[in-house]
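# Structural description and commentary
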Amino acid sequence: MGTVATSADGIAGERRQLINVAYRLLGSVSEAEDAVQDAYARWYALPRSRREEIRSPGAWLTTVTSRICLDLLGSARARRERYVGAWLPEPLPDRTEGDPGASSVHADPADQIVLDESVSMAFLVVLESMTPAERVAFVLHEVFRYPFAEIAGVLERTPAACKQLAASARRRVTVAPAPVPAAGQADVVRHVKEAWESRDIAALVALLNPAAVMTADGGGMAGTALHPVEGGALIARYMVAIAERAPGLELLERTVNGVPGLVARRAGVVETVASFDIADGRVTRIWVVRNPEKLRPWA
């Protein structure tokens, strides 16, 4: 693996995998990009003789990137305490939708992230409830199938301890109902869009689970509810009140983190991205991101 993999092309080819790992660990495209850049900087800072000794540069880069993410997760709690309102992961667009060719202008790291169930907003929010070590062990093993012997090198613990961390993390992932087919999710989201556009509170209430919860992230940079809005009826009234105060807002059906969602756009600028969790034909959770810094991949 040595000489070929240590070439510039071989090392650059690891970037997509590293971005995918880092985003799932951090829930932030920008922080994932920074972590990967830092890992590459450390690789190129090694003496050439040391780089040639490393049998698997990809494994080395994954270990270093994961350790950088682990450090960031450790300091995230203090940063989140200073955050205004609720903190949500950065939502990801599907570049195959919308304006053709719009993603070809910039090589955005968000474009390299594989959209599957491990980046759904519901899954990322659950990951936020884990300790940093649990999250690293769980993501590397459950999502990327890394053996515990390799994860032990990242966390600097025994393979047995890493296995226990992953098991502890797995218990936080509550047993979910059978996933709703994408077509079924899209139908519900479309009905929510139509009810919102027609200011139909009764229709929205019918689409929302009575115990539904809406969490919004404005980061202090965009107006939104600072605390979760609980209850289908309350959420419906809140949504209609927003519609009344938002003339000129265009609502679009878009894939958000791999599942059907809604995007609100004004004068061509994306202002809000909403993701939904749906069970038994009704919305149970809504995650709304309005912080403009988290909407850069949607520009």
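Basis of the calculations
Residues numbered from 1 in each chain as written. Predicted model: local features only at pLDDT ≥ 70, side-chain atom pairs only at ≥ 80, totals over all residues. Heavy atoms only, no water. Helix = DSSP H or I, 4+ residues; strand = E, 2+ residues; numbered from the N terminus. Rg over C-alpha atoms; globule rule 2.2 N^0.38 Å. Contact = heavy atoms within 4.5 Å. Areas by Shrake-Rupley, 256 points an atom, 1.4 Å probe, with all protein chains shown as cover. Lys, Arg positive; Asp, Glu negative; His and termini not counted. Charge placed at Lys NZ, Arg CZ, Asp CG, Glu CD. 1 Å grid on protein atoms, 1.4 Å probe; cavity = no way out; pocket = protein on both sides within 12 Å on 5 of 7 lines; lining within 4 Å. Points joined across faces, edges and corners; volume = space filled by probe spheres on them. Nonpolar A, V, L, I, M, F, W, Y, C, P; charged D, E, K, R; others polar. Axes fitted to C-alpha atoms, helices over the stretch in contact; angles between N-to-C directions. Parallel < 35°, antiparallel > 145°, perpendicular 65-115°, else oblique. Left-handed = near helix turned anticlockwise from the far one by under 90°. Salt bridge = Lys/Arg side-chain N within 4 Å of Asp/Glu carboxyl O. Buried < 20%, exposed > 50% of the residue type's maximum accessible area, 1.4 Å probe, protein only. UniProt positions renumbered as here; feature names shortened; annotations may be inferred. Phe/Tyr/Trp six-rings, centres within 6.5 Å; stacked < 30°, edge-to-face > 60°. pLDDT = per-residue confidence, 0-100. Pairing = 2+ DSSP bridges.

Across its full length, the chain carries 13 helices and six strands. Here the C-alpha atoms of the chain give a radius of gyration of 21 Å, agreeing with the 19 Å that 2.2 N^0.38 yields for 299 residues. Dimensions along the principal axes, computed over C-alpha positions, put the chain at roughly 70 × 45 × 40 Å. For the chain, the proportion of contacts with a sequence separation of at least 24, taken over those separated by at least 6, is 63%. Carbon and sulfur atoms form 55% of the exposed surface of the chain, whose accessible area is close to 14,600 Å². Taking the average location of the 34 positive side-chain charges in the chain and that of its 36 negative ones, the two points are 4 Å from each other.

The calculated volume of the second largest pocket comes to roughly 500 Å³. Along the walls of the second largest pocket sit 23 residues, with Trp196, Ile242, Leu249, Thr272 and Val288 positioned nearest its centre. Listing elements by their share of the lining of the second largest pocket, those giving two or more residues are helix 11 (182-197), helix 13 (232-244), strand 4 (259-266), strand 5 (269-279) and strand 6 (282-289). The leading source of residues in the lining of the second largest pocket is strand 5, at four residues. For the lining of the second largest pocket, the per-class residue count stands at 15 nonpolar, three polar and five charged.

Contact geometry for helix 6 (residues 57-81) and helix 9 (residues 148-155): axes closest at 9 Å, N-to-C directions at 50°. With respect to helix 9, the element helix 6 is oriented oblique. Relative to helix 9, helix 6 is oriented so that their crossing is right-handed. Contact residues: Thr63, Ser66, Arg67 and Leu70 in helix 6; Gly153, Val154 and Leu155 in helix 9. In terms of residue class, the contact of helix 6 with helix 9 is built from three nonpolar, three polar and one charged.

Scanning the entire structure with this criterion turns up 18 salt bridges. With its nearest N and O atoms 2.5 Å apart, the salt bridge here joins Arg95 to Asp111. One end of the pair, Arg95, is in the loop between helix 6 and helix 7 (121-127); the other, Asp111, is in the loop between helix 6 and helix 7, with 16 residues separating them in the sequence. Judged by its relative accessible area of 27%, Arg95 falls in the partly exposed class. In this structure, the salt-bridge partner of Arg170 is Glu142, at a minimum N-O distance of 2.5 Å.

Per the UniProt entry, the sites bearing "domain: RNA polymerase sigma-70 region" (unreviewed entry) are residues 15-77 in this numbering. With 89% helix and 0% strand, residues 15-77 has end C-alpha atoms that lie 27 Å from one another.

Applying the stated criterion across every chain, the model contains two aromatic pairs. On the numbers, 5.4 Å between centres and 65° between planes, the contact of Trp43 with Trp60 is edge-to-face. In this pair, Trp43 is assigned in helix 4 (residues 29-45) and Trp60 in helix 6, connecting sequence segments 17 residues apart. For Trp60, a relative accessible area of 18% corresponds to the buried category. When the ring of Phe123 is compared with that of Phe138, the centres are 6.0 Å apart and the planes differ by 35°; the resulting orientation is tilted.

This next bit is on the confidence of the model for the chain. Confidence along the chain averages 89 in pLDDT terms, with 91% of residues attaining 70 or more. Here residues 1-6 scores under 50 on pLDDT; set against residues more than four positions off or in separate chains, the count is 12 contacts. This model gives residues 100-106 a pLDDT under 50, and the stretch forms three contacts once residues within four places in sequence are excluded.

With that settled, the discussion passes to the sheet that holds strand 5. Reading across the sheet, the six strands line up as 2-1-6-5-4-3 and stay open at both edges, with mixed pairing between neighbours. If you trace the sheet from one side to the other, it starts and ends with strand 2 (229-230) and strand 3 (250-256), each paired once. Summarising the sheet, strand 1 (residues 208-217) and strand 2 pair through two bridges and their orientation is antiparallel. Each residue of the ladder has a partner; that of Met214, found in strand 2, is Val229. Those strands touched by helix 11 are strand 3, strand 4, strand 5 and strand 6, and its axis lies near 30° from that of strand 4. Sitting on the sheet, helix 13 is in contact with strand 1, strand 2 and strand 6, with an inclination near 50° to strand 1.

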